[in-house]
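These are the residues of each chain, in order.
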Amino acid sequence: AICNDEMVASCRLFLRTLSAGVSAGGIGEVCTRTDHQRRGLSKILLKNVIEIMKERQLQVSMLHAAPTFFPFYEKAGGYVCSTSHWSLVPISMSQLEATAQAISRQFSCHIRQASFPNDVDRLSQLHCKFSEERLAGCILRSKDYWMN
């Protein structure tokens, strides 16, 4: 949403393909500048994006949001919201190096950072074989995904 040549609100549609060829739209970057909030801009943009997904006949709509925003998405977009549970594990470089050394000793292999674009084909194949082909609902990764 643009007011006086300035962007004041946003709602972005990310086109995705899930495993088994299911087409999906990911909604993201829903935001409104503080001086334009409480005017319904995000609601209008969200409804517009949902209409675009319907026109494109996308089978699934997804979004991630903090629980404080659940009422907005439930009312404005008809979403059924639930809380995701994430695990965070702090890892120091010394822990990472120790883990890499242990893996080298046990499995006769080594750990290194990915090298782009050299590793793109191998990463893509690995993700496809062990995630996309096995996990229902996994987001498929295009070559562009791996390159950016």
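Residues numbered from 1 in each chain as written. Predicted model: local features only at pLDDT ≥ 70, side-chain atom pairs only at ≥ 80, totals over all residues. Heavy atoms only, no water.

All right, on to the environment of A66 then. Tracing the backbone shows A66 in the loop between β5 (60–63) and α2 (70–77). The sequence separation of A66 and S82 amounts to 16 residues, and the corresponding C-alpha distance is 9.5 Å. (Helix = DSSP H or I, 4+ residues; strand = E, 2+ residues; numbered from the N terminus.)

The subject of this paragraph is the layout of surface pockets. Roughly 840 Å³ of internal volume is contained in the largest pocket. Around the largest pocket, the lining comprises 30 residues; the ones closest to its centre are V30, S42, F69, F72 and Y73. Among the secondary structure elements, those contributing two or more residues to the lining of the largest pocket are β3 (9–18), β4 (22–32), α1 (41–55), β5 and α2. Counting residues per element, the lining of the largest pocket draws most heavily on β4, which supplies seven residues. Of the residues that constitute the lining of the largest pocket, the class distribution is 15 nonpolar, eight polar and seven charged. Taken as a whole, the second largest pocket spans an internal volume of roughly 240 Å³. In terms of lining, the second largest pocket is formed by S61, L63, H64, A65, P67, F70, Y79, V80, C81, S82, T83 and S84. Residues that form the lining of the second largest pocket fall into these classes: seven nonpolar, five polar and no charged. (1 Å grid on protein atoms, 1.4 Å probe; cavity = no way out; pocket = protein on both sides within 12 Å on 5 of 7 lines; lining within 4 Å. Points joined across faces, edges and corners; volume = space filled by probe spheres on them. Nonpolar A, V, L, I, M, F, W, Y, C, P; charged D, E, K, R; others polar.)

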